[in-house]
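Observations on chain architecture
Each chain, letter by letter, is given below.
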Amino acid sequence: MNLDIRTPRHEVHDEIKPVMQYMEREASHNQADILVEGVRSNGLAVSRMQEMLGAREHGQADILILANDILLDEKQRSELVRWTANTGAQVESLEGHPVLQAMGGVGAHY
């Protein structure tokens, strides 16, 4: 498609939507990569639900990362999201990150 200044907004949106989705996915995966590196280096990151609960009690976390396909019940998921909202942390959700999935599908970094 050839876009110019006269192209209707909905056509521009339809044209750039796949690019925006790709960029959002890449940004989410970059956050997950930072989390994985933090966990592996015993740095400023935790993974798995038990570690998350410990971090929650200390009010720690800048970014909570949740895999969309993680096996958390809705109560656990909403509790984590509410906790991060109350602490001002960001919530990032993503799909298709096998290393995060292997680490329990949930984590936070500081």
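The structure presented is a predicted model; accordingly, all values stated were derived computationally and were not measured.

Take the overall build of the protein chain next. Assigned secondary structure in the protein chain consists of four helices and four strands. When the elements of the protein chain are put in sequence order from the N terminus, they spell out α-β-α-β-α-β-α-β. Going through the 110 residues of the protein chain one by one, you find that 33% of them count as buried. Excluding contacts between residues fewer than 6 apart, the proportion of contacts in the protein chain whose partners are at least 24 apart in sequence is 76%. Entry remark: accessible area of the protein chain is about 7200 Å², with carbon and sulfur atoms responsible for 51%.

A few words on the sheet that holds strand E1 (residues 45-47). The sheet built from four strands is open, its strands ordered E1-E4-E2-E3 with mixed pairing. Either end of the sheet is taken by a strand with one partner, and the two such strands are E1 and strand E3 (90-94). Each neighbouring strand pair of the sheet contributes to a mean axis angle of 15 degrees, computed without reference to strand direction. Note: strand E2 (residues 63-67) against strand E4 (residues 106-109), four bridges, orientation antiparallel. Bridging across to E4, Leu66 finds its partner in Val106. Along the sheet face, helix H3 (residues 74-87) touches E2, E3 and E4 and points at about 160 degrees away from the line of E2.

Examined against the element boundaries, Thr7 turns out to sit in the segment before helix H1 (9-40). Look at Thr7 and you get buried, because its relative accessible area is 15%. Among all residues touching Thr7, those that are not within four sequence positions of it are Asn2 and Val12.

Parameters and conventions
For every chain, the first residue of the written sequence is number 1, and numbering continues from 1 along that sequence. Side-chain atom pairs in this predicted model are given and counted only at pLDDT of 80 or more, local residue features only at pLDDT of at least 70, and totals for whole chains, interfaces and linings cover all residues. Hydrogens are left out, water is left out, and the side-chain values use all remaining heavy atoms of the structure. The helix count covers DSSP runs of H or I at least four residues long, the strand count covers runs of E at least two residues long, and both are numbered beginning at the N terminus. Each residue is assigned to one of three classes by its accessible area relative to the maximum for its type, calculated with a 1.4 Å probe on protein chains only: buried under 20%, partly exposed between the two thresholds, exposed over 50%. Whether two residues are in contact is decided by their heavy atoms, any of which lying within 4.5 Å being enough. Residue exposure ignores everything except the shown protein chains as possible cover, and the areas themselves are Shrake-Rupley values with a 1.4 Å probe. A pair of strands counts as paired when DSSP detects no fewer than two bridges linking them. Note on geometry: axes are C-alpha line fits, over the in-contact stretch for helices, and angles between N-to-C directions span 0 to 180 degrees.

All we've got here are geometric facts, nothing functional implied.
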